[in-house]
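Below, each chain spelled out in residue letters.
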Amino acid sequence: MCEISILMSTFQSIQQSIGKELEMLNNRIATTLASPNVMMNQVIEGYLKSKGKQIRPIIVILSAKLLGEVNDNVISAATSVELLHNATLIHDDVVDDTKLRRGQATINNIWDNHIAVLVGDFFLSSALFQAIETGNIEIIKSITNLGKQLSTGEIDQIYNARYHTLSEDAYFTTIYRKTASLFVSCVEVGAYAVGANQCNIEKLSQVARLLGLCFQIKDDIFDYFNDEKIGKPTGNDLREGKITLPLLHVLLNESLPQHDEMLALSKKEILNTEEINTLIEYAKCHGGIEYAYDTMQRLRDEAVEIISQFPASKPREHFIAIIDYIISRDK
């Protein structure tokens, strides 16, 4: 708990160190989302009251600082990725019929699915507008490619659940597309906005990929524990047929006791609460959680090795601190 508090404090200090840039970001978001429609403005105003930690635009800004100086295009690029990210969250809440996000009622819960989809589309269009405002074709390409990756990742996840695909390669391909690709795009747009060279962009993109994989693995671990801070019930992934790394690891180990029984159970089309709890405990008892943490540590060490190739600086320190925070966070 002490380590988590220290890392949270470090993350807050990172936010404070780029407070001016984050203020510019949030002003740009508010301006971009302003519309002539009273209802649209009311929905958006309510949504923006809980803006989260803004890790993704922070990474855009840190990338720019690591490789150059923050300029107006950096703020536009950071705004673009944050709006696109939120567009996907709004649409996901409709698909999953989510009632709460970040402890607040979702748009589809307060209003309805129809309005939520339209607001999500408005966020998406605003994201593309901000990318175009940079006048940088590489930033525009990164943002549009990101939209394709995120959509493909979600379809991958549905396919894997529907056809019971059990392989680590398939798992990592899916979480790269649905999560890590967003972090990679954050680095790309921040770097392109300051005119960084391609070699540095590729190296920093590898760091972002590893960071993003850690982010999703940690999110998946949350589903094996009951914690109100997280905002979703334990076993929610299994209810949707998703086999994530802790359970995947033990199901791939044919030498474990009850392996065939648990494998057959995991392939049931609909699991009840008792069956979900059985699979969760099976993963916990046979080292699935430990394996997931070990995997994150390995990815973290690889990321630190790559970013250490850059000259010592505060942005470099902040990147490493964010990776550690992501692995240790409690929500």
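Everything below is about the structure printed above this text.
Throughout what follows, the structure given in this document is the object of discussion. These numbers were taken from a predicted model, which means no experiment stands behind them.

**Side note on the overall build of the protein chain**
Part 1 of the reasoning: Across its full length, the protein chain carries 16 helices and 2 strands.
Part 2 of the reasoning: By the compact-globule yardstick of 20 Å for 331 residues, the protein chain fits well, its C-alpha radius of gyration being 20 Å.
Part 3 of the reasoning: Along the first, second and third principal axes, the C-alpha set of the protein chain runs to 60 × 50 × 35 Å.
Part 4 of the reasoning: Contacts in the protein chain between residues far apart in sequence, at least 24 positions, make up 75% of those at least 6 positions apart.
Part 5 of the reasoning: Accessible surface, the protein chain as shown: approximately 15,600 Å² in total, 51% of it carbon and sulfur.
Part 6 of the reasoning: Measuring between centres, the 31 positive side-chain charges of the protein chain sit 4 Å from its 43 negative side-chain charges.

**Details of the nonpolar core**
Part 1 of the reasoning: If you look at the biggest cluster of nonpolar residues, it comprises 101 residues, and the most contacted ones within it are V119, F123, L204, I217, L247 and F319.
Part 2 of the reasoning: Once residues within four sequence positions are removed from consideration, L247 is found in contact with Y224, L238, L279 and A283.

**Regarding the packing of helix α2 (residues 19–33) against helix α5 (residues 72–96)**
How two helices sit against one another is set out by the angle between their axes and by the gap between those axes.
Part 1 of the reasoning: Look at α2 against α5: their axes get within 9 Å of each other, and the N-to-C directions meet at 60°. Considering the angle they form, α2 stands oblique to α5. With respect to the hand of their crossing, α2 and α5 are arranged in right-handed fashion. Residue-level inspection shows E21, M24, L25, R28, I29, T32 and L33 of α2 in contact with α5, the latter providing D72, I75, S76, A78, T79, E82 and L83.
Part 2 of the reasoning: In terms of residue class, the contact of α2 with α5 is made up of 7 nonpolar, 3 polar and 4 charged.

**So, the packing of helix α9 (residues 168–193) against helix α10 (residues 198–222)**
Part 1 of the reasoning: Put simply, α9 and α10 touch, their axes get as near as 7 Å, and they point 140° apart. The angle between α9 and α10 falls in the class oblique. Every pair of crossing elements has a handedness; the one defined by α9 and α10 is right-handed.
Part 2 of the reasoning: When its residues are assigned to classes, the contact of α9 with α10 shows 17 nonpolar, 5 polar and 4 charged.

**Points about the pattern of salt bridges**
Part 1 of the reasoning: For the structure shown, the criterion picks out 13 salt bridges.
Part 2 of the reasoning: With a shortest N-O distance of 2.6 Å, D156 and R177 are connected by a salt bridge. In this pair, D156 sits in helix α8 (residues 137–162) while R177 sits in helix α9, placing the two residues 21 residues apart along the sequence.
Part 3 of the reasoning: Taken together, the shared-partner salt bridges connect R300, D301 and D324 into one network.

**Here's the deal with the packing of aromatic side chains**
Part 1 of the reasoning: The tally for this structure, following the rule as stated, stands at 5 aromatic pairs.
Part 2 of the reasoning: Taking 4.7 Å as the distance between ring centres and 10° as the angle between the ring planes, the aromatic pair formed by F11 and Y325 counts as stacked. Highlighted residues: F11 in helix α1 (residues 2–17) and Y325 in helix α16 (residues 314–328), separated in sequence by 314 residues. The two residues F11 and Y325 agree in class, both being buried.
Part 3 of the reasoning: Cation over ring: R56 sits above F215, and NZ or CZ is 5.0 Å from the ring centre.
Part 4 of the reasoning: Above the plane of the ring of F215 lies R329, whose end atom (NZ or CZ) is 4.1 Å from the centre.

**Digging into the layout of surface pockets**
Part 1 of the reasoning: Reported here for the second largest pocket is a volume of approximately 250 Å³.
Part 2 of the reasoning: The set of elements that each furnish at least two residues to the lining of the second largest pocket consists of α3 (38–48), β2 (104–105) and α6 (107–110).
Part 3 of the reasoning: The element best represented in the lining of the second largest pocket is α3, accounting for 4 residues.

**Some points on the environment of G135**
Part 1 of the reasoning: Mapped onto the elements of the fold, G135 is located in the loop between α7 (113–133) and α8.
Part 2 of the reasoning: With 58 residues separating them along the chain, G135 and A193 place their C-alpha atoms 9.7 Å apart.

**A closer look at α9**
Part 1 of the reasoning: Here α9 contains 26 residues, and its C-alpha end-to-end distance of 35 Å stays within 8% of the 38 Å for a straight helix at 1.5 Å per residue.
Part 2 of the reasoning: At A180, α9 shows its largest kink, close to 50°.
Part 3 of the reasoning: Residue S167 occupies the N-cap position of α9, its side-chain oxygen lying 3.4 Å from the main-chain nitrogen of D169.
Part 4 of the reasoning: G195 sits one or two positions beyond α9 and adopts a positive phi of about 70°.

**Description of the side chain of H318**
Part 1 of the reasoning: With respect to the secondary-structure elements, H318 resides in helix α16.
Part 2 of the reasoning: Taking relative accessible area as the criterion, H318 reaches 14% and is therefore assigned buried.

**Some thoughts on unusual backbone geometry**
Part 1 of the reasoning: Positive phi, normally seen in glycine, also occurs at D97, with a value near 55°.
Part 2 of the reasoning: Among the secondary structure elements, D97 is positioned in the loop between α5 and β1 (100–101).
Part 3 of the reasoning: The phi angle at Q258 is positive, at roughly 60°, despite the residue not being glycine.
Part 4 of the reasoning: Structurally, the position occupied by Q258 is in the loop between α12 (245–251) and α13 (259–266).

**Thoughts on the side chain of Q157**
Part 1 of the reasoning: Among the structural elements, Q157 can be located in helix α8.
Part 2 of the reasoning: The exposure class assigned to Q157 is buried, which follows from its relative accessible area of 17%.

About the cut-offs
Once a new chain begins, its residue numbering starts again from 1 and follows that chain's sequence as written. Two thresholds apply to this predicted model, a pLDDT of at least 70 for residue-level local features and 80 or more for giving and counting side-chain atom pairs, whereas whole-chain, interface and lining totals are computed over all residues. The basis for every side-chain value is the complete set of heavy atoms in the structure, and neither hydrogens nor water enter the calculation. A helix here means a DSSP run of H or I that spans at least four residues, while a strand means a run of E at least two residues long, and both kinds are numbered starting from the N terminus. Atoms counted for the radius of gyration: C-alpha only. Globule rule: 2.2 Å times residue count to the power 0.38. Pairs of residues are marked as contacts when any of their non-hydrogen atoms sit within 4.5 Å. The Shrake-Rupley method, run with a 1.4 Å probe sphere, supplies the accessible areas, and residue values consider only the shown protein chains as cover. Think of it this way: Lys and Arg go in the positive column, Asp and Glu in the negative one, and His and the chain ends go nowhere. One atom stands in for each charge, and that atom is NZ of Lys, CZ of Arg, CG of Asp or CD of Glu. The term nonpolar core refers to a set of buried residues drawn from Ala, Val, Leu, Ile, Met, Phe, Trp, Tyr and Cys, joined through side-chain atoms within 4.5 Å. Three exposure classes are used, based on accessible area relative to the maximum for each residue type with a 1.4 Å probe and protein chains only: buried under 20%, partly exposed in between, and exposed over 50%. Here an angle of 0 to 180 degrees is reported between the N-to-C directions of two axes, which are lines fitted to C-alpha atoms, with helices fitted over the stretch in contact. Here roughly perpendicular refers to angles of 65 to 115 degrees, roughly parallel to angles under 35, roughly antiparallel to angles over 145, and oblique to all remaining angles. Left-handed describes a crossing whose near helix is turned anticlockwise from the far helix by less than a right angle; the clockwise case is right-handed. Throughout this entry, Asp, Glu, Lys and Arg are counted as charged residues, while Ala, Val, Leu, Ile, Met, Phe, Trp, Tyr, Cys and Pro are counted as nonpolar. The remaining residues, Gly among them, count as polar. Whenever Lys or Arg places a side-chain nitrogen within 4 Å of a carboxyl oxygen from Asp or Glu, that contact is recorded as a salt bridge. When the centres of two rings from Phe, Tyr and Trp lie within 6.5 Å, Trp using its six-membered ring, the rings pair. Their planes under 30 degrees apart give stacked, over 60 give edge-to-face, and anything left gives tilted. Any Lys NZ or Arg CZ found within 6 Å of a ring centre and within 35 degrees of that ring's normal is scored as a charge over the ring. The method works on a 1 Å grid over the protein atoms by themselves. A cavity is a set of points holding a 1.4 Å probe that cannot get out, a pocket is an open set with protein on both sides within 12 Å along at least five of seven lines, and residues with an atom within 4 Å of a point line them. Grid points are joined across faces, edges and corners, and a volume is the space filled by probe spheres set on the points. A helix is expected to span 1.5 Å multiplied by its residue count minus one. The quantity called bend is, for any residue, the angle between two axes fitted respectively to the seven residues ending at it and the seven beginning at it. N or O atoms closer than or at 3.5 Å make up a polar contact, with two conditions inside protein: a donor-capable atom paired with an acceptor-capable one, and, for residues adjacent in sequence, both atoms drawn from side chains.

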